[in-house]
Amino acid sequence: LKASDYEVDLKQRQVSLTEDGTENIEQLLMGAAILKLGTLYEAHNATIVHHVNQALRAHTLFTKDKDYIVRFNPELRQQEVVIIDEYTGRMMPGRRYSDGLHQALEAKERATIQPENVTLASITFQNYFRLYDKLAGMTGTAETEAEEFQSIYNLEVIEVPTNVPVSRVDDDDEVYRSENEKIEAIIKEISKASDRMQPVLVGTASIEKSELFAERLLQAGFRQIDFAAPDALDLLYASARSGKSARVFAVLNARFHEQEALVVAEAGVPGAITIATNMAGRGTDIKLGGNVDMRLRAEVSPDLDDVARAARSAEIRAEVERFRDIVLNAGETVEVTPAKGRKPAVTKTYPGGLYIVGTERHESRRIDNQLRGRGGRQGDPGRSRFFLSLEDDLMRIFGSERMESMLTKLGLQEGEAIAHPWVNKAIETAQKKVEARNFDQRKNVLKYDDVMNDQRKAVFNQRREYMASEEMDATITDMRHSSTEALVERHIPPDSYPDAWDITGLRSDVLEHLNADLPVDDWAREEGIADEEIRERLIKHGDEAYALRIERNTPDIQRYIEKQVVLQTLDQLWREHIVTLDHLRNVIGWRGLAQRDPLNEYKSEAFQLFGELTTRLRQTVTGNLMRVEVVFEQPQAAPPVEYAGGEFGQPMAELASSAGYASEAIVPADQRDAQDPMTWGKVGRNEPCPCGSGKKYKHCHGVNG
C-alpha cells in the first residue's frame, strides 16, 4: 500500500483506508485468492476486514524498538515479538496483544506466528483494585494524577514534605526547531558535563531513541561500556581517579534489562554517562560517587581473610567518598548576559551532583517527574533540563502550531534554542490535554467494564457456590425442569391451538437436550391436549431417565460428573461471553450516529446476552448430563505364565508362587484382597474370580492354572 491509501490519526491512534486504498487492497486480496466473493465490506467478508485493519495498525501505529522489540527466544528457538511497557521501558514477556494484532506484528517482522491467547477471565486494573476493602499507596509523582485517584478510587492525594529540602535546580526547557539541532545540542551538553566529571543521566522515551543517541555519541568519539566484560567499569573508575574523562557511556533499555542494577548503581560515578529509557520503577538508587554495597560485592573476594577483607572494604569506601566530593564540585558557572561597558557580566552558577538530561517530553508529566526525581536525592545537589524540538511526538501532535507561532514571536532562528517560562507553560498545557484525553479513555473503559463487572461477580459467586456444594441434585433438577419448560414455551405459544404448535421443532429439541426420541407428534394429536400436559410429560420422562442414569452410574460417580460438567460448561460459556461483549463494545459506538447513547445500548445488549448465557448454561448442562455414560474398565487379565524348563523342570506350585498366584490353602472370601492374588489361597476353577471381574476363575486369572 502507498501512503495515500490510508489516513493515520496519531492523536486517537487510529488508521483507516481511503477509497483508493480500499480498491487497492481488494485487488491485492483477489490476486492472492483471499477475497473471492463481492467487495471487501460485505457481511461475509467481515473477518477479512478485521485482519486487514489489524495489519494496517501493526504497520502504521506500532514502531519496532518503541512499542515492541524482536528477540530470539532460546526456549522456543525462534524469533518472538515482545511488548515494551511504555511507562517503565521494560519488556513484558508473556503479554500479547489481542484480536490478532500480535499476530499482525509477527507477520510484519517475519517472526514465527503464534496462536492467539484465549481469554479465560478479564478485569480492568481499576475494578481489580476496588476488590480490596482498603486502598493506599505511596509514590513521588501522584500529584499530577490527583483528580483520577479521587474520581476512580475516592482516594485523596496528600503531599508529604521531603526528608531534606530539595536542592536540585530545574532549568527551563530548551526548544529547537528540528530534531537534528536538538540532538547536536544534547551531545554538546553531555560532552561539557563529561569534561568536568559531572555524571549525566540521559532520559529517552523509547529504545529507538536511546540507540540513536548511543550512535551519535559513538560518532562524537565516545565509547560504549560492554558490561559482558569482567573489567567493564575499570576504565570508568580509572578516569575518576585521574580526574580526566574517559568519555565512556552505558545504555539501559529493554535490550539490556539484565544489566539494569549494575548500570544504575554506577551512574553516579564521576564522568559516568548513562542513557536510560524511562526511569520509572528502576528501584536502584543513584548514589553520588557510586554504590558502595555493589562495589563491595563485586570487588571484595570471599576468599580473603578478615584483615584483608576489612582493608579492601575501607579502601573502597574511602574511594567512593572521594568520588562523591568530585561529583559535588562538578558544577559550572555560565555567563547569562555578557559584560557591557561598566556593567559586569551576569553569570549563573549551577550545582554539581547528577545532571538529568531529558531528550523529549513524555505524554505524561508523571514520567518526566520520575526522570527528574533521580537527581537531588536526600538533599544532594543536582540539575535537570529537558531539550525539545518541534519534531518531537508531543509537540508535533498536540502543540506544534501554537508553539511555532510563539517561537516566531520570540525571534527563534535556525540553530538557536529558546528557554522561557512561556514555553514551559505551553508544553505543560499540551501534556495536560494528553493526560485529560487518556483519563477520559480510561473512564470510558471503566464505565463499560462496570457493566461486565456486575456480571463477573454474579458468575463467579455462582461458580464458588457450585464448587462448595457437596450435592447438586436440586441444582441439576432445577436446570433440567427450567430447560424443559423453555423448550415447550419456545415451540408451543401460550393459549394457542395445536395447529400453531411447532411439533417438529419441539421433537428435535427434545432429542437434542433430553436425549429422548419421544412420540411428541402423537401427544399433540390427542383430544384436549394442552401445553401444560406436554410440559409435565416431558419433565416426568426427564426425571425418570435421569434417575435410571444415576442408578446405572452409581450416585457417587454421578455427583462427581455433575459438578465437573457444570463447572466446565460455565467456564466455556463465560469465555465465549467475554469475547462477545468485547466485540460488542468495539462496534456499539456506531449507535451514536442514530442519536442513541452507546453506553445505555451496551448495558441493554449486555443484559440480554447475560440472560442468554444462563439459558444456554441450563440447556447445555442438561443435554450433556442426559448423554454422559460411565464405562467401568474391566481388570486386565494376568499375562500368560509359561512353564519354566530346566534340567528337571519347575514344579507347578513354585510356578504359581513365582507368577503371583495363591497358595494351596483355602482362604475365606472376606479375607481375600482383590488386588493381591497372593491372598486368595486355593480358588475353585468354576468359582467367581476374586478380582471382581465377574468371570469364572478358569476364564480369568486361572486361565493358565
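Residues numbered from 1 in each chain as written. Predicted model: local features only at pLDDT ≥ 70, side-chain atom pairs only at ≥ 80, totals over all residues. Heavy atoms only, no water.

A.B. asks: Sorry if this is basic, but what is going on with the overall build of the protein chain here?
C.D. replies: Helix and strand counts for the protein chain stand at 21 helices and 14 strands. Burial statistics for the protein chain: of 705 residues in total, 41% are counted as buried. Of the roughly 39700 Å² that the protein chain leaves accessible, carbon and sulfur atoms contribute 51%. (Helix = DSSP H or I, 4+ residues; strand = E, 2+ residues; numbered from the N terminus. Buried < 20%, exposed > 50% of the residue type's maximum accessible area, 1.4 Å probe, protein only. Areas by Shrake-Rupley, 256 points an atom, 1.4 Å probe, with all protein chains shown as cover.)

A.B. asks: I tried to follow the confidence of the model for the protein chain on my own but got confused; where do I start?
C.D. replies: Interpreting fine coordinate detail is not advised for predicted regions of low pLDDT. Here the protein chain averages 82 in pLDDT, while 89% of its residues score no lower than 70. The spread of mean pLDDT over the elements of the protein chain runs between helix H21 (residues 652–658), the lowest at 41, and strand S13 (residues 354–358), the highest at 94. Counting contacts from residues 641–664, a segment whose pLDDT is below 50, to residues more than four positions away or on other chains yields 31 contacts. (pLDDT = per-residue confidence, 0-100. Contact = heavy atoms within 4.5 Å.)

A.B. asks: What's the story with the pattern of salt bridges in this structure? I'm lost.
C.D. replies: For side chains bearing opposite charge, pairing can occur when the charged atoms are close. Throughout the structure, instances matching the rule amount to 44 salt bridges. The salt bridge involving aspartate 440 is made with lysine 443; its shortest N-O contact spans 3.9 Å. Within this pair, aspartate 440 and its partner lysine 443 are both found in helix H14 (residues 421–468), separated by three residues, close to a single helical turn. A residue is classified by how much of its surface remains accessible, and lysine 443, at 29% relative accessible area, is partly exposed. (Salt bridge = Lys/Arg side-chain N within 4 Å of Asp/Glu carboxyl O.)

A.B. asks: How do you make sense of the packing of helix H10 (residues 292–299) against helix H11 (residues 306–328) when you look at a structure like this?
C.D. replies: The angle between the axes and the distance between the axes are what describe a pair of packed helices. Direction vectors running N to C along H10 and H11 enclose 140°, while the axes themselves pass 10 Å from each other. Judged by the angle between their axes, H10 and H11 are oblique. In this structure, H10 meets H11 at a crossing whose hand is right-handed. Across the interface between the two elements, Val292, Arg295, Leu296 and Glu299 of H10 pack against Arg312, Ser313, Ile316, Arg317, Glu319, Val320 and Phe323 of H11. Its residues assigned to classes, the contact of H10 with H11 shows five nonpolar, one polar and five charged. (Axes fitted to C-alpha atoms, helices over the stretch in contact; angles between N-to-C directions. Parallel < 35°, antiparallel > 145°, perpendicular 65-115°, else oblique. Left-handed = near helix turned anticlockwise from the far one by under 90°. Nonpolar A, V, L, I, M, F, W, Y, C, P; charged D, E, K, R; others polar.)

A.B. asks: Mind showing me how you'd approach the packing of H14 against helix H19 (residues 555–587) here?
C.D. replies: It is the contact of H14 with H19, at a shortest axis distance of 11 Å, that shows an interaxial angle of 175°. In terms of orientation, H14 lies roughly antiparallel with respect to H19. Of the residues in H19, those in contact with Val445, Tyr448, Asp449, Met452, Gln455, Arg456, Val459, Phe460, Arg463, Tyr466 and Met467 of H14 are Lys563, Val566, Leu567, Leu570, Asp571, Trp574, His577, Leu581 and Arg585. Among the residues making up the contact of H14 with H19, the classes are represented as 12 nonpolar, two polar and six charged.

A.B. asks: What's the story with a negative patch on the surface in this structure? I'm lost.
C.D. replies: A surface patch of negative charge is lined by Asp495, Glu532, Glu533 and Glu536. As for its position among the elements, glutamate 536 is in helix H18 (residues 531–553). (Patch = residues over 30% accessible without salt bridge, like charges linked within 9 Å, V, L, I, M, F, W, Y side chains within 5 Å. Lys, Arg positive; Asp, Glu negative; His and termini not counted. Charge placed at Lys NZ, Arg CZ, Asp CG, Glu CD.)

A.B. asks: Mind showing me how you'd approach the side chain of asparagine 127 here?
C.D. replies: By secondary structure assignment, the location of asparagine 127 is in helix H4 (residues 125–129). Separated by 3.3 Å, the side chains of asparagine 127 and arginine 130 make a polar contact. Here aspartate 450 takes part through its side chain, which lies 3.4 Å from a polar atom of the side chain of asparagine 127. (Polar contact = N/O pair within 3.5 Å; in protein donor to acceptor, adjacent residues only side chain to side chain.)

A.B. asks: Whenever I open this one, the nonpolar core confuses me. Can you help?
C.D. replies: Here is a general trend for soluble globular proteins: nonpolar side chains tend to be buried in one another's company. Membership of the largest hydrophobic core comes to 35 residues, with the highest contact counts inside it found for Val175, Leu201, Ile225, Phe227, Val269 and Ile427. Core analysis: the second largest hydrophobic core is formed by 29 residues, Met472, Val565, Ile588 and Val621 among them. (Core = buried A, V, L, I, M, F, W, Y, C linked by side-chain atoms within 4.5 Å.)

A.B. asks: Please explain helix H7 (residues 207–219) as it appears in this structure.
C.D. replies: Residues spaced three or four apart along an α-helix face the same direction, because each turn holds 3.6 residues. With 13 residues, H7 ought to run about 18 Å at 1.5 Å a step, and its terminal C-alpha atoms sit 18 Å apart, in line with that. Every buried residue of H7 is listed here: Ile207, Lys209, Ser210, Phe213, Ala214, Arg216 and Leu217. Looking at the buried side of H7, the elements it contacts are strand S3 (68–73), helix H6 (179–195), strand S7 (200–204), strand S9 (248–252) and strand S10 (273–277). Glycine 221, located one to two residues past H7, shows a positive phi value of around 100°. (Expected span 1.5 Å × (residues − 1).)

A.B. asks: Is there a simple way to think about empty space enclosed by the protein in this case?
C.D. replies: Empty space among the atoms can be located by rolling a probe the size of a water molecule over them. All chains considered together, the criterion is met by four cavities of 30 Å³ or more. Empty space within the second largest cavity amounts to approximately 70 Å³. As for the second largest cavity, its lining consists of 14 residues, and the residues nearest its centre are Ile225, Leu236, Ala250, Glu266 and Thr274. (1 Å grid on protein atoms, 1.4 Å probe; cavity = no way out; pocket = protein on both sides within 12 Å on 5 of 7 lines; lining within 4 Å. Points joined across faces, edges and corners; volume = space filled by probe spheres on them.)

A.B. asks: Would you mind showing me how to read the pairing of S9 here?
C.D. replies: For a regular strand, side-chain orientation follows a simple rule: the groups alternate between the two sheet faces. In terms of burial, S9 is largely enclosed, as five of its five residues are buried. Alternating positions in S9 separate into two faces, Val248, Ala250 and Leu252 on one and Phe249 and Val251 on the other, with burial throughout. Pairing analysis gives two bridges linking strand S8 (residues 223–224) to S9, with the strands arranged parallel. Residue pairing in the sheet places arginine 223 in a bridge with valine 248 of S9. Crossover S8 to S9 through helix H8 (residues 234–242) is right-handed. (Pairing = 2+ DSSP bridges. Right-handed = clockwise from strand over helix to strand, strands pointing away.)

A.B. asks: Can you walk me through a nonpolar patch on the surface in this structure?
C.D. replies: Residues Ile123, Phe125, Tyr128, Phe129, Leu131 and Tyr132 make up a contiguous nonpolar surface patch of roughly 620 Å² in combined accessible area. Within the element layout of this structure, phenylalanine 129 appears in helix H4. Given a relative accessible area of 32%, phenylalanine 129 falls into the partly exposed group.

A.B. asks: Which parts of the structure should I look at to understand the environment of threonine 119?
C.D. replies: Here threonine 119 shows up in the loop between helix H3 (101–108) and H4. Between the C-alpha atom of threonine 119 and that of serine 98, which follows or precedes it by 21 residues, the distance is 9.0 Å. In contact with threonine 119, other than residues within four places in its own chain, are Arg575 and Ile578.

A.B. asks: It is not clear to me how helix H1 (residues 19–31) should be interpreted in this structure. Could you clarify?
C.D. replies: In a regular helix each residue adds 1.5 Å, so 13 residues correspond to 18 Å; H1 covers 19 Å between its end C-alpha atoms and thus fits that length. In this fold, the buried residues of H1 make contact with strand S2 (14–17) and helix H2 (46–60).

A.B. asks: I keep staring at the packing of aromatic side chains and nothing clicks. Help me out?
C.D. replies: Note on aromatic pairs: each is described by the distance of the centres and the angle between the planes. Summed over all chains, the structure comprises eight aromatic pairs. The interplanar angle of 20° and the centroid separation of 6.2 Å between the aromatic rings of phenylalanine 125 and phenylalanine 129 together place this pair among those described as stacked. Of this pair, phenylalanine 125 and phenylalanine 129 both sit in helix H4, four residues apart, which is roughly one turn of that helix. For phenylalanine 125, a relative accessible area of 59% gives the class exposed. Where phenylalanine 149 meets tyrosine 153, the ring centres are 6.3 Å apart and the plane angle is 40°; that geometry is what we call tilted. Taken together, the residues phenylalanine 149 and tyrosine 153, both in helix H5 (residues 146–153) and four residues apart, mark about one turn of the helix. Residue classification places phenylalanine 149 among the partly exposed positions, given a relative accessible area of 30%. Linked through ring pairs, Phe125, Tyr128, Phe129, Tyr132, Phe149 and Tyr153 together constitute an aromatic cluster. Arginine 247 extends its terminal NZ or CZ atom over the ring of phenylalanine 222, reaching a point 4.0 Å from the ring centre. The ring of phenylalanine 386 has arginine 361 lying over it, and the distance from NZ or CZ to the ring centre is 4.4 Å. (Phe/Tyr/Trp six-rings, centres within 6.5 Å; stacked < 30°, edge-to-face > 60°. Lys NZ or Arg CZ within 6 Å of the ring centre and 35° of its normal.)

A.B. asks: I'm lost on unusual backbone geometry in this one. Help?
C.D. replies: Leaving glycine aside, a negative phi is the common case for residues, and trans is the common case for peptide bonds. For arginine 110, which is not a glycine, the phi torsion comes out positive at approximately 60°. Residue placement: arginine 110 occurs in the loop between H3 and H4. Despite not being glycine, glutamine 378 shows a phi value in the positive range, around 50°. Residue placement: glutamine 378 occurs in the loop between helix H12 (365–372) and strand S14 (381–389). Exposure remark for glutamine 378: the relative accessible area of 58% places this residue in the exposed category.

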